[in-house]
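# Topology and contacts: notes
Listed here are the chains, written in short residue letters.
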Amino acid sequence: MAFLRISSSFPLLGLLSLSLLLTTTTTSLTTTTTGIRLSIIRKPAPNVPIFREAPAFRNGETCGSPAADPIHVSMTLDANYLRGTMAAVLSILQHSTCPENVMFHFLCSRLEPEIHSSIKSTFPYLSFRVYRFDPNRVRGKISKSIRQALDQPLNYARIYLADIIPVEVKRVIYLDSDIVMVDDIAKLWGVDLGDKVLAAPEYCHANFTRYFTGAFWSDPELAGTFGNRQPCYFNTGVMVVDVDKWRQGGYTQKVEDWMVVQKQKRIYHLGSLPPFLLVLAGNIKAIDHRWNQHGLGGDNIEGKCRSLHPGPISLLHWSGKGKPWLRLDSRKPCTVDHLWAPYDLYRSSKHTFEE
């Protein structure tokens with residue numbers, strides 16, 4: 001039986017009114033994988049971090065079966081962000097009432113056995129599948145943005161999510177790798193989308209015009225895109241997507257069409273976010289801001305420290321240039337980075353689990 005040892009960072013969580021739902025008993029889960037089939041667990045490659053094995057987590061008494069009541073979560077897999085992905089997965093399982101029902105769909109640009117093995121050895125009971133996203137689908141459509149990390153093909157995989165995951169999956173929660181969940185993911189999964197294709201927190205107080213260039217706003221035809229909508233900024237790092245509606249509405253093509261326009265006439269600066277806004281801003285299901293306390297990584301240029309916004313928190317998101325694992329390793333962490341540290345499974349981390 002695995003038990004969690006709470007680090008000294010956790011009192012800070014209490015001060016911030018973050019609910020910690022710790023489930024520490026063990027169980028067994030069937031792992032489903034595609035794309036890679038391994039008969040042995042391989043030693044991680046030098047560029048793949050080594051992680052400690054996480055505790056297993058058991059469903060609560062009120063949970064249905066994983067087959068009957070699955071919660072589908074999709075994330076990308078990148079060696080540079082793998083440490084963040086592992087922390088995110090741990091946080092989701094730790095705070096879930098029905099952790100055995102959570103099915104992970106990982107997207108990667110290369111099917112690397114070492115990364116697959118790392119997930120399997122870190123989470124032996126995790127239910128997950130791995131899919132290859134072909135970078136060639138976007139290479140000719142990506143325009144240089146203000147930060148190199150935003151230009152990576154895998155950053156655009158979320159656009160093609162409905163084309164990649166199995167057709168029997170009707171709804172999925174898409175999450176960035178730099179998040180920590182501090183609430184039950186079933187609450188987010190249960191959001192009523194109504195007739196909308198996507199749900200996410202909206203930020204209508206943000207200056208929406210700054211996400212597009214002067215060339216966009218000075219062109220009446222382009223600016224008229226929002227003529228019949230009241231567009232608000234939303235962050236694409238936390239989304240609940242009705243993939244059936246996405247497929248039926250041809251939303252992948254709609255987003256791609258704006259990427260083509262961007263190649264012809266520079267209308268935005270920020271990677272994969274603006275084409276989402278062009279297609280969907282003002283036409284999504286707005287959910288509580290607690291589900292995306294974003295911007296903790298600072299801005300996209302310097303990544304300076306930022307404080308938490310007031311109000312309840314269910315998900316912490318280090319969007320921006322600064323990543324908590326890098327700042328902690330450099331011994332120059334921001335205060336909010338200590339909220340991420342307890343979920344760090346990196347082998348050299350001083351935050352440890354006891355079995």
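Anything mentioned here points back to the structure above.
Here is a short report on the structure shown in this document. Only a predicted model underlies this, so the values are computations on that prediction, with no experimental measurement involved.

Moving on: the overall build of the chain. For the chain, the count of helices and strands is 12 helices and 12 strands. Across the chain, every contact between residues at least 6 apart in sequence was considered, and the portion connecting residues at least 24 apart equals 77%. Of the roughly 15600 Å² that the chain leaves accessible, carbon and sulfur atoms contribute 50%.

Our next topic: the side chain of Thr252. Counting through the fold element by element, Thr252 comes out in helix 9 (residues 251-264). Within the structure, the side chain of Thr252 is placed 2.9 Å from the side chain of Trp246, a separation counted as a polar contact.

This next bit is on unusual backbone geometry. In this structure, Arg331 is a non-glycine residue whose phi angle is positive, near 60°. By the element assignment, Arg331 lies in the loop between helix 11 (324-329) and helix 12 (337-340). For Arg331, a relative accessible area of 77% puts it in the exposed group.

What follows covers the packing of helix 9 against helix 10 (residues 273-280). In contact at an axis separation of 9 Å, helix 9 and helix 10 are set at 120° when each is read in the N-to-C sense. Comparing the axis directions of helix 9 and helix 10 gives the class oblique. Like other packed secondary-structure pairs, helix 9 and helix 10 cross with a definite hand, here right-handed. Residues Tyr251, Lys254, Val255, Trp258 and Met259 of helix 9 form the contact with helix 10, whose own contacting residues are Pro275, Leu278, Val279 and Leu280. For the contact of helix 9 with helix 10, the class distribution of residues is 8 nonpolar, no polar and 1 charged.

In this section: the nonpolar core. Grouped together as the largest cluster of nonpolar side chains are 55 residues, with contacts concentrated most on Val73, Phe104, Phe106, Phe123, Leu126, Leu175 and Ile185. Top element by residues in this core is helix 2 (residues 82-94). It accounts for 8 residues. When near neighbours in sequence (up to four residues on either side) are disregarded, Leu175 contacts Val73, Ser74, Met75, Ile92, Met181, Ile185, Gly237, Val238 and Leu315.

On to the pairing of strand 3 (residues 102-108). The element strand 3 is largely enclosed, with a buried count of 7 among its 7 residues. Both faces of strand 3 are covered, namely the face carrying Val102, Phe104, Phe106 and Cys108 and the face carrying Met103, His105 and Leu107. In this sheet, strand 3 lies alongside strand 2 (residues 71-76) in parallel orientation, the contact comprising 6 bridges. Pairing of Val73 across the sheet is with Phe104, part of strand 3. Of the pairings in the sheet, the one linking strand 3 to strand 4 (residues 127-132) comprises 6 bridges and is parallel in character. When the sheet's bridge partners are listed, His105 is paired in strand 4 with Arg129. For the crossover from strand 3 across helix 3 (residues 113-122) to strand 4, the handedness is right-handed.

What follows deals with helix 10. Within helix 10, 8 of the 8 residues are buried, leaving the element largely enclosed by the surrounding structure. Those residues of helix 10 lying buried are Leu273, Pro274, Pro275, Phe276, Leu277, Leu278, Val279 and Leu280. Elements in contact with the buried residues of helix 10: strand 7 (198-203), helix 6 (214-217), strand 8 (233-234), strand 9 (238-242), helix 8 (243-248) and helix 9. Positive phi shows up at Gly282, right after helix 10, with a value of about 90°.

Moving on, we get to the environment of Pro275. Here Pro275 is to be found in helix 10. For Pro275, a relative accessible area of 0% gives the class buried. The spacing of Pro275 and Ile159 is 116 residues in sequence and 9.6 Å in space, taken between C-alpha atoms. Not counting the four nearest positions on each side in its chain, Pro275 is found in contact with Val255, Trp258, Met259 and Tyr268.

As a further point, take the state of the cysteines. One pass over the full model with this rule turns up 3 disulfides. Each sulfur in the disulfide pair Cys63 and Cys98 lies 1.9 Å from the other. Here Cys63 and Cys98 share a disulfide; its torsion about the S-S bond, -95°, makes the bridge left-handed. Here Cys98 lies in the loop between helix 2 and strand 3 and Cys63 lies in the loop between helix 1 (10-15) and strand 2, a separation of 35 residues in the sequence. On the basis of relative accessibility, which here comes to 17%, the residue Cys63 falls in the buried class.

Tracing the chain through its elements places Trp291 in the loop between strand 10 (285-287) and strand 11 (315-317). Looking at Trp291, the relative accessible area reads 6%, which means it is buried. Sequence separation between Trp291 and Val238 is 53 residues, and the spatial gap between their C-alpha atoms is 7.7 Å. In this view, Trp291 contacts Met181, Asp183, Asp184, Lys187, Leu188, Pro201, Val238, Ser314 and Leu315; residues no more than four positions away in its chain are not counted.

Basis of the calculations
- Residues numbered from 1 in each chain as written.
- Predicted model: local features only at pLDDT ≥ 70, side-chain atom pairs only at ≥ 80, totals over all residues.
- Heavy atoms only, no water.
- Helix = DSSP H or I, 4+ residues; strand = E, 2+ residues; numbered from the N terminus.
- Contact = heavy atoms within 4.5 Å.
- Areas by Shrake-Rupley, 256 points an atom, 1.4 Å probe, with all protein chains shown as cover.
- Polar contact = N/O pair within 3.5 Å; in protein donor to acceptor, adjacent residues only side chain to side chain.
- Buried < 20%, exposed > 50% of the residue type's maximum accessible area, 1.4 Å probe, protein only.
- Axes fitted to C-alpha atoms, helices over the stretch in contact; angles between N-to-C directions.
- Parallel < 35°, antiparallel > 145°, perpendicular 65-115°, else oblique.
- Left-handed = near helix turned anticlockwise from the far one by under 90°.
- Nonpolar A, V, L, I, M, F, W, Y, C, P; charged D, E, K, R; others polar.
- Core = buried A, V, L, I, M, F, W, Y, C linked by side-chain atoms within 4.5 Å.
- Pairing = 2+ DSSP bridges.
- Right-handed = clockwise from strand over helix to strand, strands pointing away.
- Disulfide = S-S within 2.5 Å.

Interpretation note: all reported values are geometric properties and have no functional meaning in isolation.
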